[in-house]
There are 2 protein chains.
Amino acid sequence: MSLIDLSKQVALGVDIGGTNTKYGIVNHRGEILAKGHLKTEDYPKVEDFIDALYNEVSPLIDKHCSQKQFDGIGVGAPNANFYSGTIEQAPNLHWKGIVPFAELMTKKFGVPCKMTNDANAAALGEMMFGAARGMKDFIMMTLGTGVGSGIVANGQLIYGHDGFAGELGHTIVKPGGRKHWSTGSEGSLEAYASATGITITAKKMRAEFPDSKLNEYPEAEINSQVVFECAKKGDATAIEVFRYTGQKLGEALANFVMFSSPEAILLFGGVIHAGDFILKPTKLHMERNLLPIFRNKVRLVFSELDEADAAILGASALVWDK
Amino acid sequence: MSLIDLSKQVALGVDIGGTNTKYGIVNHRGEILAKGHLKTEDYPKVEDFIDALYNEVSPLIDKHCSQKQFDGIGVGAPNANFYSGTIEQAPNLHWKGIVPFAELMTKKFGVPCKMTNDANAAALGEMMFGAARGMKDFIMMTLGTGVGSGIVANGQLIYGHDGFAGELGHTIVKPGGRKHWSTGSEGSLEAYASATGITITAKKMRAEFPDSKLNEYPEAEINSQVVFECAKKGDATAIEVFRYTGQKLGEALANFVMFSSPEAILLFGGVIHAGDFILKPTKLHMERNLLPIFRNKVRLVFSELDEADAAILGASALVWDK
């Protein structure tokens, strides 16, 4: 019997989005040996998608490792259920209903396949390869078009009884507040702290302050990047947009801290490009809403993973997560 | 080597409150073989308290088991830290600073001692002996003078990085809302959903509705029990007090569900005596604030443990929790 050289083992990480799918072959050190992508929306039938993925990935696997060294596949996908390995009612995918994705992948590739949503995968990626190495209790917040989250407690990702835990973007931070464009809920964190939410806030605030540089842009061009540009130039309204966003985010984070008492909260995604404009008010309002025993203990940390690769790394980490 | 007969093993469960301490010798089936109490406030020095406890308990242990069958001590106490076995800055206890309680107990009794706060202990008690038997993901809410909580995910109590996780009573449900009488925070769950919060709501509402039966009582007598009596008689204001309380509680529970996706939320404590007056609005507002994937999945359940014994059973369960 020969020992397995762990450093030679690889996993396939797959990140499925509504438009694009990215994949990479990843080793135990978090190095991506090969990567590629295909258009999710080109494949209305899930079986065709898996066939196409197999045809692309299979030669890469053969090139970089033996079948024995190929430990498995990890997939991050919207509405993916960790327990059942299914994608359930994902609004942004062509594949409707409950899709037994992991089972289909295993049948095709001949290795185990595990799935979860993209934010959970990102949390695992940070724990295995990034800023959360060695942490047993942390929360990952992904602040992009939407707000996602992955929660690790006792060194384990929290999936909940049904596999859907960690939807912190949909918790209510302001009862009766801003109506969410898609869920219809009122005052959810995502309605304020996502790039989409920031855009809404910016459009409202620039209407109130005619002097703001934000008014130099046509309505359709207003987004979180433009707000950041204006804030850097010292525009008070743009700065206020981030301050308000940080307040709502900080209030939400305080509640999350009193739930699972993490040692750190990791922030990831396009919104964090705003740096201190968002980080400082977030920290201020988080601390202000914490009980004294939780104050000045929780680090707010930006992700260490490369944004382009984080989803692939996170998905691959699923394969090795115990 | 002889096998240990688990059914003969016992633990000492101790529930420390500001005024009274209750203790019981508990077996693996959750039967209390002997119990008693002493006045916490009679012992300004923690060493004297432990000596007194030892003198009372020691003969009971000798009577009900051998030293070999005595597995250990579990303690529920305010501000108890699971990791360090200390009681830290507990406002309602004479023992100030950081008290190495578990260490002192072990030295005196010669068996391991584990500690946590009372709500966490209650959650373990429900998992081992009560309504949460067999559950891996649930939340325990204790609704008494204050609001406490214990969160179980992946079959384990969540302690967080510092041992203080699960302070859901202090999460903010209404930013800028009612000021908490002790923490000073604005709009916390405890300010509304505790017996204390219900009393405040009742005093406010009866002032607005002169016809309410609540006005037949002197100010000092208004409490959640009186509100319940009036609600049973059909008093619309008293019913509204519980409806409003249930709304705030339900909104908070929805956020908790989207955090850890539990299969059930267990409710315990004096407030639940109000039965459907509080349960129905709580359920309504919880469901209303959930994303569709979480709806109609989470059971709201009343505790199955005898209120007088729950704290002792919960504390004893610490000894056997892995």
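Just so it is clear, the model here is predicted, and its values are computed rather than measured. For every chain, the first residue of the written sequence is number 1, and numbering continues from 1 onward in sequence order. For this description, chains carry letters from A and ligands carry numbers from 1, given in the order in which they are written. A pLDDT threshold of at least 70 governs which residues receive local features in this predicted model, and a stricter bar of 80 or more applies before side-chain atom pairs are shown or counted, although totals over entire chains, interfaces and linings include all residues. For side-chain calculations, the full set of non-hydrogen atoms in the structure is used, while hydrogens and water are omitted.

Asks: Please provide a residue-by-residue account of the packing of helix 1 (residues 46-64) of chain B against helix 2 (residues 101-109) of chain B, values included.
Replies: Residues and elements named next belong to chain B. To get an axis, a line is fitted to the C-alpha atoms, and for a helix only the part in contact is used. The angle between two axes follows their N-to-C directions and goes from 0 to 180 degrees. Each helix is a run of DSSP H or I of at least 4 residues and each strand a run of E of at least 2, with the numbering of both proceeding from the N terminus. The geometry of helix 1 relative to helix 2 is characterised by a closest axis approach of 10 Å and an angle of 40° between their N-to-C directions. Considered as vectors, helix 1 and helix 2 are oriented oblique to each other. In terms of crossing hand, the pair formed by helix 1 and helix 2 is right-handed. On the side of helix 1, the interface is formed by Val-46, Phe-49, Ile-50, Asp-51, Leu-53, Tyr-54 and Val-57, while helix 2 contributes Phe-101, Leu-104, Met-105, Lys-108 and Phe-109. Between 65 and 115 degrees an angle is taken as roughly perpendicular, under 35 as roughly parallel, over 145 as roughly antiparallel, and anywhere else as oblique. In this scheme the crossing of two helices becomes right-handed for a clockwise turn of the near helix relative to the far one and left-handed for an anticlockwise turn of less than a right angle. The contact rule is simple, with two residues in contact once any of their heavy atoms fall within 4.5 Å.

Asks: How would you explain the relation of the copies chain B and chain A if you had to name every residue and give the values?
Replies: The copies were overlaid with a least-squares fit restricted to C-alpha atoms from residues scoring a pLDDT of at least 70 in each copy. With an axial shift of 0.0 Å and an RMSD of 0.0 Å, the rotation relating chain B to chain A amounts to 180°. Here the copies are linked by what is in effect a two-fold axis. Taking C-alpha positions as the reference, the residue of chain B nearest the rotation axis is Lys-174 of chain B, at 3.5 Å. Here 100% of the contact residues of chain B are again contact residues in chain A; the copies associate through an equivalent surface.

Asks: So what's going on with the pattern of salt bridges? Residues and values would help.
Replies: Oppositely charged side chains may form a pair once their charged atoms are brought near each other. Residues and elements named next belong to chain A. Whenever Lys or Arg places a side-chain nitrogen within 4 Å of a carboxyl oxygen from Asp or Glu, that contact is recorded as a salt bridge. In the structure shown here, the tally under the stated rule is 18 salt bridges over all chains. A salt bridge links Lys-108 to Asp-51, with the shortest nitrogen-to-oxygen separation between them at 3.0 Å. Taken together, the residues Lys-108 in helix 2 (residues 101-109) and Asp-51 in helix 1 (residues 46-64) connect sequence positions 57 residues apart. For Glu-229, the salt bridge identified is with Lys-232, shortest N-O distance 3.8 Å. Taken as a pair, Glu-229 and Lys-232 lie in helix 6 (residues 224-232) at a separation of three residues, close to a single helical turn.

Asks: Please set out the interface of chain B and chain A residue by residue, giving values where relevant.
Replies: The partner chain A presents 38 residues to the 38 residues of chain B that form the contact. Two parts lose some accessible area (1.4 Å probe) when they are put together, and adding that loss for both gives the buried area. Its largest share of buried area at the contact with chain A, chain B owes to Asn-154, His-161 and Phe-259 of chain B, together 22% of the area lost on that side. Where chain B meets chain A, there are two salt bridges. Here Asp-162 of chain B ties to Lys-297 of chain A by a salt bridge, and the two come within 2.7 Å at their closest N and O atoms. Polar contact is the term for a pair of N or O atoms within 3.5 Å; when the atoms are in protein, one must be able to donate a hydrogen and the other to accept it, and sequence-neighboring residues count only if both atoms are side-chain atoms. Between chain B and chain A we count 18 residue pairs in polar contact (both at pLDDT 80 or more) in total. Where the side of chain B that touches chain A is concerned, the elements lending two or more residues are strand 10 (147-153), strand 11 (156-157) and helix 7 (236-260) of chain B. Sorting elements by how many residues they give to the side of chain B that touches chain A places helix 7 of chain B first, with six residues.

Asks: So what's going on with the packing of aromatic side chains? Which residues, and what values?
Replies: Residue and element names in this part refer to chain B. Stacked, tilted and edge-to-face pairs are distinguished by plane angle, under 30 degrees for stacked and over 60 for edge-to-face with tilted covering the rest, among Phe, Tyr and Trp rings (Trp via its six-membered ring) whose centres lie within 6.5 Å. Under the counting rule described, the total for this entry stands at 25 aromatic pairs over all chains. Measuring from centroid to centroid gives 5.1 Å for Tyr-54 and Phe-109, while their planes differ by 75°, and the two rings are edge-to-face. Of the two residues, Tyr-54 sits in helix 1 while Phe-109 sits in helix 2, which places them 55 residues apart along the sequence. Note on classification: 1.4 Å probe, protein chains only; a residue is buried when its accessible area is under 20% of the maximum for its type, exposed when over 50%, partly exposed between these limits. A relative accessible area of 8% places Phe-109 in the buried class. The interplanar angle of 20° and the centroid separation of 6.2 Å between the aromatic rings of Phe-242 and Phe-277 together place this pair among those described as stacked.

Asks: Lay out the domain arrangement of chain A with the relevant residues and their values.
Replies: How big an interface is tends to be stated in terms of accessible area lost as the parts join. Residues and elements named next belong to chain A. The domain boundaries here were taken from an automatic or database domain assignment. For chain A, the assigned domains are domain 1 (6-125 + 309-320) and domain 2 (134-302). The centre of domain 1, based on its C-alpha atoms, is set 28 Å off from the matching centre of domain 2. Contacts between the two partners involve 15 residues from domain 1, matched on the other side by 17 residues from domain 2. Buried area between domain 1 and domain 2, summed over both chains or domains, comes out near 1,100 Å², and the portion from carbon and sulfur atoms is 64%. Contact with domain 2 buries surface across domain 1, with Tyr-83, Asn-120 and Ala-123 losing the most and accounting together for 41% of the total. The interface formed by domain 1 and domain 2 contains zero salt bridges. Among the elements that take part in the side of domain 1 that touches domain 2, helix 3 (residues 118-129) stands out by supplying five residues, more than any other.

Asks: Residue-level account of the sheet that holds strand 8 (residues 113-116) of chain B, with values.
Replies: All names here are of chain B. If you trace the five strands from one edge of the open sheet to the other, you get 3-2-1-4-8, paired in mixed fashion. The sheet is open, and its two edges are formed by strand 3 (32-39) and strand 8, each paired on a single side. The sheet shows a mean angle of 15° between the axes of neighbouring strands, taken without regard to direction. Bridging between strand 2 (residues 20-27) and strand 3 involves seven bridges; their strand directions are antiparallel. Paired with Ile-25 across the bridge in strand 3 is Ala-34. The sheet strands contacting helix 1 are strand 1 (10-16), strand 2, strand 3 and strand 4 (70-76), and the helix crosses strand 3 at an angle near 165°. Where helix 2 meets the sheet, it contacts strand 1, strand 4 and strand 8, and its direction lies at approximately 155° from that of strand 8. Between any two strands, at least two bridges found by DSSP are needed for them to pair.

Asks: Give a description of the environment of Ala-195 of chain A that names residues and reports values.
Replies: All names here are of chain A. Checked against the element boundaries, Ala-195 lands in helix 5 (residues 195-208). It is 39 Å that separates the C-alpha atoms of Ala-195 and Gly-110, two residues lying 85 residues apart in sequence. Ignoring anything within four residues of it in the chain, the contact list for Ala-195 reads Gly-144, Thr-145, Ser-224 and Val-271.

Asks: Hey, could you go over the packing of helix 3 (residues 118-129) of chain B against helix 9 (residues 307-320) of chain B for me, with residue numbers and the actual values?
Replies: Residues and elements named next belong to chain B. Remark: helix 3 packs on helix 9, axes separated minimally by 7 Å, with the N-to-C direction vectors making an angle of 75°. Taken together, the axis directions place helix 3 and helix 9 in an arrangement best described as roughly perpendicular. Here helix 3 contributes Ala-121, Ala-122, Leu-124, Gly-125, Met-128 and Phe-129 to the contact with helix 9, which in turn contributes Leu-313, Gly-314, Ala-315, Ser-316, Ala-317, Leu-318 and Trp-320. Only Asp, Glu, Lys and Arg are considered charged in this grouping, and only Ala, Val, Leu, Ile, Met, Phe, Trp, Tyr, Cys and Pro are considered nonpolar; every other residue, Gly among them, is considered polar. Of the residues belonging to the contact of helix 3 with helix 9, the class tally is ten nonpolar, three polar and no charged.

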